[in-house]
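# Structural overview for review
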Amino acid sequence: MARRIDVTGRGGVRLAAWEFGDPPKTDPAGSDPARDVPDGSPGVLLLHGLMGRASHWASTARWLSGRYRAVALDQRGHGRSDKPPQGSFTRDAYVDDAEAALEQLGLAPVVLIGHAMGALTAWQLAAKRPDLVRGLIICDMRASALGVASQREWDQWFKSWPLPFATLADVRKWFGEDDPWVERPNPARGEFYAEVMAESPDGWRPVFDPEQMLRSRETWVYDAHWEELAQVRCPALVVRGLDGELGRAEAQEMVRVLPRGQYAEVADAGHLVHYDQPEAWRAAIEPFLDSLGGD
């Protein structure tokens, strides 16, 4: 099952948070159901990457729900959350949204798990509010600047999409096989993008606005983010896919910079580590979660 909880982010933006496990037990005091925590379980907040949505974390959230209050957030401009045409898509806006969600959901002190852009949001929040975060998992996100060329390539890539897609099968085929960025057939990638499409009168289109994605991206691709990493006080795990976007040398340098950093690697996985290899992903992060205990 999926249970939606609406929270309010920076500037009044409505954000959709999701639980994918069993319904939480009702607080006998009758408090806000968004704050009901089953048996006092510790909290986990899952943050997707650029273009992603909370449902990409469904399998992870389900197995976490056995021991945590696991909530996945549709970040602004994504999924079922608001996509204000003139809204702010800065780093501060994303971080403030996650901070507001933690407080409104009553999850802190929380374990933050982020993929790509969501991982950057997670470690920036951990640096900003160490009182709210007891553990951090960074999945396939670089700390170095990507530069102007990267943003230009993404702009051109969005323009290459053959929109609208006639069917979801066409979505899966294009992103899993035909996309010039695909080096070899990748069915998981096709499924990943099928989840961020919605049917419109003329076919299937993304649930997000590509221009908003570029606006979101331009607020972090030109800068390095090593300083915030060094400010993270809690235990932190850096996870990379063997064929992902985060190289081994940079990942290990991130671990060195983190005051309490650890490293894990998932074989046969690309950038979408948790989606490509869900069982191997679980095996990579479970020992870290176990080590947190009551930390």
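Refer to the preceding data block for the structure.
The sections below set out a description of the structure shown in this document. As the structure is a prediction and not an experimental result, all values here were calculated from the model. (Residues numbered from 1 in each chain as written. Predicted model: local features only at pLDDT ≥ 70, side-chain atom pairs only at ≥ 80, totals over all residues. Heavy atoms only, no water.)

Structurally, the position occupied by H274 is in helix α10 (residues 273-276). In this structure, H274 is in contact with H56, W57, T60, H115, C139 and W281, ignoring residues within four places of it in sequence. (Helix = DSSP H or I, 4+ residues; strand = E, 2+ residues; numbered from the N terminus. Contact = heavy atoms within 4.5 Å.)

So, about the environment of A126. Mapping A126 onto the fold places it in helix α3 (residues 117-128). C-alpha separation for the pair A126 and Q86, spaced 40 residues apart in sequence, amounts to 28 Å. When neighbours within four sequence positions are excluded, A126 is seen to be in contact with L112, V133, L136 and V232.

Next up on the list: the nonpolar core. Judged by nonpolar contacts, the single largest core of 68 residues is most densely connected at L45, M51, W123, L136 and I138. The greatest single-element share of this core, amounting to eight residues, is contributed by α3. Setting aside anything within four residues of it in sequence, one finds L45 in contact with V71, L73, A98, L102, L107, V110, V111, L112 and I113. Counting 30 residues, the second largest nonpolar core, distinct from the first, contains F20, L46, A54 and A61. (Core = buried A, V, L, I, M, F, W, Y, C linked by side-chain atoms within 4.5 Å. Buried < 20%, exposed > 50% of the residue type's maximum accessible area, 1.4 Å probe, protein only.)

This model, assessed by the stated rule, comprises zero disulfides. Take C139: it sits in no disulfide, and the sulfur closest to it among the cysteines is that of C234, at 16 Å. Note on C139: relative accessible area 0%, which makes it buried. (Disulfide = S-S within 2.5 Å.)

What follows is about the packing of aromatic side chains. Tallied over the full model, the rule gives 18 aromatic pairs. Members of the aromatic cluster, joined through ring pairs, are W154, W157, F158, W161, F165, W174, F175, W181, F192, Y193, F208 and Y275. (Phe/Tyr/Trp six-rings, centres within 6.5 Å; stacked < 30°, edge-to-face > 60°.)

Once that is clear, we can look at the packing of helix α5 (residues 168-178) against helix α6 (residues 187-194). It is the contact of α5 with α6, at a shortest axis distance of 7 Å, that shows an interaxial angle of 130°. Put simply, α5 runs oblique to α6. The way α5 lies across α6 gives a crossing that is right-handed. Facing α5, whose interface residues are L168, V171, R172, F175 and G176, α6 presents R189, G190, E191, Y193 and A194. Its residues assigned to classes, the contact of α5 with α6 comprises five nonpolar, two polar and three charged. (Axes fitted to C-alpha atoms, helices over the stretch in contact; angles between N-to-C directions. Parallel < 35°, antiparallel > 145°, perpendicular 65-115°, else oblique. Left-handed = near helix turned anticlockwise from the far one by under 90°. Nonpolar A, V, L, I, M, F, W, Y, C, P; charged D, E, K, R; others polar.)

What follows is about the pairing of strand β6 (residues 133-139). With seven of seven residues buried, β6 lies mostly within the body of the structure. When strand β5 (residues 110-115) meets β6, the two strands line up parallel, connected through six bridges. Following the sheet pairing, V110 is matched in β6 by V133. Following the chain from β5 across α3 to the adjacent parallel β6, one finds a crossover that is right-handed. In this sheet, strand β9 (residues 236-241) lies alongside β6 in parallel orientation, the contact comprising four bridges. In the sheet register, C139 faces β9, and the bridge partner there is V239. (Pairing = 2+ DSSP bridges. Right-handed = clockwise from strand over helix to strand, strands pointing away.)

Bringing the sheet that holds strand β4 (residues 69-73) into the picture now. Pairing within the open sheet is mixed, and its eight strands lie in the order β1-β2-β4-β3-β5-β6-β9-β10. Each of the sheet's edge strands pairs with one partner strand only, and the pair in question is β1 (3-8) and β10 (261-266). When strand polarity is set aside, the average angle formed by the axes of neighbouring strands in this sheet is 25°. Where strand β2 (residues 14-19) meets β4, two bridges bridge the pair, whose relative direction is antiparallel. In the strand pairing of β4, A17 is matched with L73. Most of the contacts of helix α11 (residues 278-292) go to β6, to which it runs at about 160°, and overall it touches β5, β6, β9 and β10.

Any functional reading would require information that these geometric values do not contain.
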